[in-house]
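Geometric and topological summary
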Amino acid sequence: MDLSFQLYSARDFTPWKDVVHWLAEVGYNQVEGFGGVYEDPADFRATLDRAGLTMPSGHFSIDMLENDLAGALGIAKTFGIERVYCPYIAPDARPSDSAGWTDFARRLAAVGEKVRGEGYRFGWHNHDFEFKALPDGKLPMQIILDEAPENGWEADIAWIARGGADPMDWISRHGDRITAAHVKDIAPQGEKTDEDGWADVGHGTLPWAELMPALREAGCDLFVVEHDKPADFQRFARQSIESIKGY
């Protein structure tokens, strides 16, 4: 199975040249981009090519997608990105009610239509806040899926769990929308506090031996390994890929 690595996980362990060559050596075939590697796309692409890695997916902010779509897609073209994901909305910009989230979802739908019109796939990448109930009981994630039905979903499984939801339930109900998945893990309560409570995949509390087959059965074919704050990215990357091979 080809495995991708979200480069955000290694942002504190640069230079990037060393990072990507090490990732290739340990067994990763692909990487996922984020804003921190887009400054000189041609140069970074050459670095990936030398390491034998591809970048099939990348994260782009809602601001860039709405206000500089040509720039975002120019970066995507240089890297060979085929799947564009919008990963986040800042706390001060988040809607507080269902009407606000409906409006935001429709903005995502409009972006998705334009991105697909240029030959790329598009989707939303979740965190935990999309699973916190609004005053009327609705969930932002459900609104995003319902109001932007043509968009895909890069499901961050551990953030679903951190949001208080059941990942298996969301996979079973909306698996047809999942076009990529972030593979990460959560440490037992009170452990790994220096790493914001995240764990190496297979060394935490999530049932990845069940989750991976469920995602594959749902049609997900892009798996991106991630850790938001590893103390040692090589330890995390190595232990995670060793675990995933068993799933």
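**Considerations on the pattern of salt bridges**
Applying the stated criterion across every chain yields a total of 13 salt bridges. Here Lys184 ties to Asp156 by a salt bridge, and the two come within 3.2 Å at their closest N and O atoms. Of the two residues, Lys184 is situated in the loop between β7 (178-183) and β8 (185-186) and Asp156 in strand β6 (residues 152-156); the sequence distance between them amounts to 28 residues. Across the pair, Asp156 and Lys184 agree in class, each one buried. A salt bridge links Glu226 to Lys184; the shortest N-O distance between them is 3.0 Å. With Glu226 in the loop between β10 (223-225) and α10 (233-244) and Lys184 in the loop between β7 and β8, the pair connects residues that are 42 residues apart, well separated along the chain. For the pair shown, Glu226 and Lys184 are each scored as buried. One continuous salt-bridge network, built from bridges that share partners, spans Asp156, Lys184, Glu226 and Asp228.

**Considerations on the nonpolar core**
With 78 residues, the main nonpolar core has Phe5, Leu7 and Leu23 as its most contacted residues. Not counting the four nearest positions on each side in its chain, Leu7 is found in contact with Trp16, Val20, Leu23, Val31, Glu32, Phe34, Val37, Phe44 and Met55.

**Digging into the side chain of Thr47**
The residue Thr47 is located in helix α2 (residues 41-51) in this model. On the basis of relative accessible area, Thr47 is assigned to the buried category, the value being 7%. Leave out the neighbours within four places in its chain, and Thr47 touches Lys17, Val20 and His21.

What counts as what
Residues numbered from 1 in each chain as written. Predicted model: local features only at pLDDT ≥ 70, side-chain atom pairs only at ≥ 80, totals over all residues. Heavy atoms only, no water. Salt bridge = Lys/Arg side-chain N within 4 Å of Asp/Glu carboxyl O. Helix = DSSP H or I, 4+ residues; strand = E, 2+ residues; numbered from the N terminus. Buried < 20%, exposed > 50% of the residue type's maximum accessible area, 1.4 Å probe, protein only. Core = buried A, V, L, I, M, F, W, Y, C linked by side-chain atoms within 4.5 Å. Contact = heavy atoms within 4.5 Å.

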